[in-house]
Amino acid sequence: MTVGERVELDIVELAAGGDGLGFLDGRACFVPLAAPGDRAAARVVAVKDGYVRAELESILVPGPGRVEASCPAYGVCGGCSLMHLAYGHQLEAKRRIVAEAFRRVGGYAGDLEIEAAASAPRSYRNRAQLHVAEGGGLGYAARSSGRIIPVGSCPILVPPLERLVACPGPELGAARRFNAFSPWLPADQAAAAPAGYGDVAPVYVEGRDAEARAWVAGKEFRFNVGGFFQSNLGLLPELVRDACEGVGGDRAADLYAGVGLFGAFLAERFERVVCVEQDARALSFASRNVGPRADFFAGGMEAWAAGPQARRAYDYALVDPPRSGLAPSVRRWLGENRPPVIGYVSCDPVALARDAKALFQAGYGLERLKIYDFYPQTAHVESYARFVPR
């Protein structure tokens, strides 16, 4: 098999990352924009030890979930990667991706029940990184290059951001790339929030606005526009509720605390909450968002795990690490401190499964596993796993 060769193959499932997975002469072949059940013609673009990568050329027989993408930039724009798949099929594919990661990487051999929380498939995204295209207009980086694709519209953005993309104003300044955030909420949630969270919600722009505000499950949060905050406010309250229900006691550890999203709700359930975050700017917002029932540690996990706070007993440890997963020092600390409940919020199924394996080896069992489709039309999936000692 050589680069440039035209091949035909059946796509059997979606792999982590969203590519269609088929097999050529017993070798895995990954094909972006292919759907399970497709009979596809593709062109080989890379041959590696054990696998092949190919670019889709045509669909010979469409799979049962294949649909026409609703965005004219789809396939060229680097944002969405699953818009060719009906939403129900997307959600089921993500459930299978998480299950496969737990079995293959996590070594989980038992029955695996995975709950799933669906999102509005469109008009859900409250945050976007936008680029100024040559000649004006806003857009995204192309799928296979750094070229900026002007889009004019984006069906996954909430209405205020969609209007910004369609008609950017001169007040955006000279930045070539910036983050924008709008606290727009679906109608059923906007009714319980302060005025200004419906269709007329503001748009906060990095470089222009010092901070942004968002309303989550009855609490207002402030954060830097260019920093991280979850991008799907419609589904976020369900994750917060699941991560905080059924726990309470003297002390909780909120590791990788960010701006204190979970810490603010844990502070209602515990006497003290320790929020650990190495981004000093995020932690300064956490001190405002969480309030006086928390202690804060500004530094890396290695330093915290070696310090006096880590030697205390904790009734609950909630971790929300970056895509790379837990730092080795946190895995060690969890195994040695042995809190009676560990909650793990994950944005990468493979990293979650790897860390789960370490917790299994430390004597923990999996009590609950749930996925949250924060990013429909893309391959990203958020998960919450709860572990308790066996």
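Residues numbered from 1 in each chain as written. Predicted model: local features only at pLDDT ≥ 70, side-chain atom pairs only at ≥ 80, totals over all residues. Heavy atoms only, no water.

Draft legend 1. Representation of the sheet that holds strand S2 (residues 13-14) within the structure. One open sheet accounts for six strands, arranged S1-S5-S6-S4-S3-S2; its pairing is mixed. The open sheet is flanked by strand S1 (6-10) and S2, the only strands paired with a single partner. Here two bridges tie S2 to strand S3 (residues 20-24), and the two strands are oriented antiparallel to one another. Within the sheet, the bridge partner assigned to Leu14 lies in S3 and is Gly20. (Pairing = 2+ DSSP bridges. Helix = DSSP H or I, 4+ residues; strand = E, 2+ residues; numbered from the N terminus.)

Draft legend 2. Examining unusual backbone geometry more closely. A positive phi is found at Leu33, a non-glycine position, where the angle reads about 70 degrees. Mapped onto the elements, Leu33 comes out in the loop between strand S4 (27-31) and strand S5 (39-48). Although it is not a glycine, Ala217 adopts a positive phi angle of roughly 50 degrees. Since its relative accessible area comes to 45%, Ala217 is described here as partly exposed. (Buried < 20%, exposed > 50% of the residue type's maximum accessible area, 1.4 Å probe, protein only.)

Draft legend 3. Up close: the state of the cysteines. Counted by the stated rule, this structure contains zero disulfides. In this model Cys80 remains outside any disulfide bridge; the closest cysteine sulfur is found in Cys154, 6.1 Å from its own. (Disulfide = S-S within 2.5 Å.)

Draft legend 4. Highlighting the pattern of salt bridges. If you walk through the whole model with that rule in mind, you get 24 salt bridges. In this structure, the salt-bridge partner of Glu8 is Arg6, at a minimum N-O distance of 3.6 Å. Several salt bridges share partner residues, and in doing so they unite Arg6, Glu8, Asp10, Arg39, Arg43 and Glu57 into one network. (Salt bridge = Lys/Arg side-chain N within 4 Å of Asp/Glu carboxyl O.)

Draft legend 5. Main features of the environment of Gln361. Within the element layout of this structure, Gln361 appears in helix H9 (residues 349-361). When the C-alpha atoms of Gln361 and Arg143 are compared, they prove to be 39 Å apart, with 218 residues separating the residues in sequence.

Draft legend 6. Spotlight on the packing of aromatic side chains. Throughout the structure, instances matching the rule amount to 15 aromatic pairs. Taken together, Phe181, Phe221, Phe223, Phe229 and Phe265 form an aromatic cluster joined through their ring pairs. Here the basic side chain of Arg251 rests over the ring of Tyr314, its NZ or CZ set 5.8 Å away from the ring centre. (Phe/Tyr/Trp six-rings, centres within 6.5 Å; stacked < 30°, edge-to-face > 60°. Lys NZ or Arg CZ within 6 Å of the ring centre and 35° of its normal.)

Draft legend 7. Quick peek at the side chain of Asp38. Within the element layout of this structure, Asp38 appears in the loop between S4 and S5. Within polar-contact distance, the side chain of Asp38 engages the backbone nitrogen of Ala35 at 2.8 Å. Polar contacts involving the side chain of Asp38 include one to the side chain of Arg66, which spans 2.7 Å. For Asp38, the residues in contact, after removing those within four places along its chain, are Leu9, Asp10, Ile11, Ile59, Val61, Pro62, Gly63 and Arg66. (Polar contact = N/O pair within 3.5 Å; in protein donor to acceptor, adjacent residues only side chain to side chain. Contact = heavy atoms within 4.5 Å.)

Draft legend 8. Expanded view of a nonpolar patch on the surface. Side chains of Met1, Val3 and Val47 sit close together on the surface and give an oily, nonpolar patch of about 230 Å² of accessible area. Looking at where Val47 falls in the secondary structure, it is placed in strand S5. Judged by relative accessible area, which is 32%, Val47 ranks as partly exposed. (Patch = residues over 30% accessible without salt bridge, like charges linked within 9 Å, V, L, I, M, F, W, Y side chains within 5 Å. Areas by Shrake-Rupley, 256 points an atom, 1.4 Å probe, with all protein chains shown as cover.)

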